[in-house]
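Now for the letters of each chain:
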Amino acid sequence: MHNDKKEGLRYKLGVCSVSFRQSSPESIVKATKEAGLDYIEWGSDVHAPYKDTKRLREISLLQNEYGVKCSSYGTYFRLGVTLIDELEGYIDAALLLGTDCLRLWCGDKSGEDMSTAEINSLFDASRAAAKIAEERAVKLCLECHRGTFTQNPHDSVRLMEDINSFCFRMYWQPFQWLDFAGSMESAGLIAPYTENIHVFNWHGDGKYPLCEGIEDWRGYLSRFSKGKTLLLEFMPDGRLESLAKEAAALRAIAGDGI
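Residues numbered from 1 in each chain as written. Predicted model: local features only at pLDDT ≥ 70, side-chain atom pairs only at ≥ 80, totals over all residues. Heavy atoms only, no water.

**Considerations on the overall build of the protein**
Spelled out, the test is: What counts as a helix is a DSSP run of H or I of at least four residues, what counts as a strand is a run of E of at least two, and both are numbered from the N terminus. Every radius of gyration here is taken over C-alpha atoms, with the globule rule written as 2.2 Å times N^0.38, N being the number of residues. To sort residues, take the accessible area from a 1.4 Å probe on protein chains only and compare it with the maximum for the residue type: under 20% means buried, over 50% means exposed, and anything in between is partly exposed. Here, two residues are considered to be in contact whenever any of their heavy atoms come within 4.5 Å of each other. Only the protein chains shown count as cover for residues, and all accessible areas are computed by the Shrake-Rupley method using a 1.4 Å probe. The positive count covers Lys and Arg only, the negative count covers Asp and Glu only, and His and the chain ends enter neither. In this description, the location of a charge corresponds to atom NZ of lysine, CZ of arginine, CG of aspartate or CD of glutamate.
Helix and strand counts for the protein stand at eight helices and ten strands. The C-alpha atoms of the protein give 17 Å as radius of gyration, which agrees with the globular expectation for 258 residues (18 Å, within 12%). Seen through its C-alpha atoms, the protein measures out along the principal axes to roughly 50 × 45 × 30 Å. Considering the protein as a whole, with its 258 residues, one finds that 55% of them fall into the buried category. The long-range fraction of contacts in the protein, counting pairs at least 24 apart against all pairs at least 6 apart in sequence, stands at 78%. Looking at the protein as shown, the accessible area adds up to about 11,300 Å², and 47% of this sits on carbon and sulfur atoms. Of the charged side chains in the protein, 30 are positive and 38 negative; the average position of the first set lies 5 Å away from that of the second.

Below is the structure:
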């Protein structure tokens, strides 16, 4: 077992269940364990719907059986789009899975495509969500996802500074449509607000083995404080059988000379 504490690694290592939407929760938990990873981010779309408490409890039991933990709950709650009243249900689901960290999407368009009124409304929704998070003692973390307000790192920083809550944070991932220098700049800007990091080796529409991107990733992680959770997001070929190889590359990134 490649336990991050036992090996002295500086990061928590895991995988996103959305990498394997066609696989069962049990097969994902088993493969995670066999690959030497300790954490799973469960997606709310297929594997862990927030209203399905029976499924959530089953996943919790599987985690206990195989000795893995839930790092985070990967929701598709969209700030400013999804009704704020639904947030409590997602928080309940996250807690059932054993995590206080929820991934959210920030709106449904980039900042450059939004009017001032739309941006103000999105910020109001973010403040309301942050207040709920503070009351429930959980963290809401926004993904740097294309087609959302936080696809732009400068907009992300603006939002983080405006909300100014430890319960309202960020994920980070490299922008596959930017070059290395652009992603390094993005990492530096978002690092102070980052909880978890999605790890993959993509360039444009191409997905490549993570072992071919180890040096780039060591560069990216140099921008962040230690102790982040690194989550493999998608395999280069979409196969569960590739997880062990990708996990080995993730350990190489996290454990050698960073």
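**Brief notes about the packing of aromatic side chains**
How we decide: Working definition: rings of Phe, Tyr and Trp (its six-membered ring) pair if their centres are within 6.5 Å, and the pair is stacked with planes under 30 degrees apart, edge-to-face with planes over 60 apart, and tilted otherwise. Two thresholds decide whether a charge sits over a ring: the Lys NZ or Arg CZ must be within 6 Å of the ring centre and within 35 degrees of the ring normal.
Across all of its chains, the model carries 13 aromatic pairs by this definition. The interplanar angle of 85 degrees and the centroid separation of 5.8 Å between the aromatic rings of Phe77 and Tyr90 together place this pair among those described as edge-to-face. Here the residue Phe77 occupies a position in strand β3 (residues 69-79), and Tyr90 occupies one in helix α3 (residues 87-97), the gap between them amounting to 13 residues. An aromatic cluster of three or more residues is present, and its members are Trp172, Phe180, Trp217, Tyr220 and Phe224. When the ring centre of Phe234 is taken as origin, the NZ or CZ atom of Lys207, which lies over that ring, is 5.1 Å away.

**So, the sheet that holds β3**
Backbone-to-backbone hydrogen bonds pair the strands of a sheet. The strands run either parallel or antiparallel. For the record, the criterion: A strand pair is defined by DSSP finding two or more bridges across the two strands. The convention used is that axes are lines fitted to C-alpha atoms, helices contributing only their stretch in contact, and that angles between N-to-C directions extend from 0 to 180 degrees.
Sheet architecture is closed into a barrel: eight strands sit in the order β1-β2-β3-β4-β5-β6-β7-β10, paired in parallel fashion. Across the sheet, the mean angle from the axis of one strand to that of its neighbour is 30 degrees, orientation sign disregarded. For β3 and strand β4 (residues 101-106), the ladder comprises four bridges, and the chain directions are parallel. When the sheet's bridge partners are listed, Arg78 is paired in β4 with Trp105. Docked against the sheet, helix α1 (residues 25-34) engages β1 (12-16) and β2 (39-43), running at close to 155 degrees with respect to β2.

**A closer look at the pairing of strand β6 (residues 168-172)**
Note the following rule: Note on handedness: a clockwise path from strand one over the helix to strand two, with the strands aimed away from the viewer, defines a right-handed crossover.
Of all five residues in β6, five are buried, a share of seventy percent or more. Alignment of strand β5 (residues 139-142) against β6, held across three bridges, turns out to be parallel. Opposite Cys141, over in β6, you have Arg169 as the bridge partner. After leaving β5, the chain enters helix α5 (residues 153-163) and then returns to the sheet as β6, a path that is right-handed. Following the backbone out of β6, through helix α6 (residues 180-190) and into the adjacent parallel strand β7 (residues 194-199), one traces a crossover that is right-handed.

**Concerning the pattern of salt bridges**
A side chain with one charge can pair with a side chain of the opposite charge if their charged atoms come near. In plain terms, the rule: For this analysis, a salt bridge means a side-chain nitrogen from Lys or Arg found within 4 Å of a carboxyl oxygen belonging to Asp or Glu.
For the structure on display, the rule yields 14 salt bridges. Of the charged contacts, one joins Glu143 and Arg103 as a salt bridge, the two residues approaching to 3.4 Å between their closest N and O atoms. Within this pair, whereas Glu143 is found in the loop between β5 and α5, its partner Arg103 is found in strand β4, the two being separated by 40 residues in sequence. What makes Glu143 buried here is its relative accessible area of 2%. Using a relative accessible area of 1% as the deciding quantity, one classes Arg103 as buried. Here Arg127 makes a salt bridge to Asp124, at a shortest N to O gap of 2.6 Å.

**With respect to empty space enclosed by the protein**
Put simply, the test is: The way it works is a 1 Å grid over only the protein atoms, where trapped points that fit a 1.4 Å probe form a cavity and open points with protein on both sides within 12 Å along at least five of seven lines form a pocket, and then any residue with an atom within 4 Å of a point lines it. Grid points are joined across faces, edges and corners, and a volume is the space filled by probe spheres set on the points. We call Asp, Glu, Lys and Arg charged. Ala, Val, Leu, Ile, Met, Phe, Trp, Tyr, Cys and Pro are nonpolar, and the rest, Gly among them, are polar.
Within the structure shown, the criterion is met by one cavity of 30 Å³ or more. Empty space within the largest cavity amounts to approximately 50 Å³. Lining the largest cavity, in full, are Val199, Phe200, Asn201, Trp202, Lys207, Tyr208, Leu210, Leu232, Phe234, Pro236 and Glu246. Per-class residue counts for the lining of the largest cavity are eight nonpolar, one polar and two charged.

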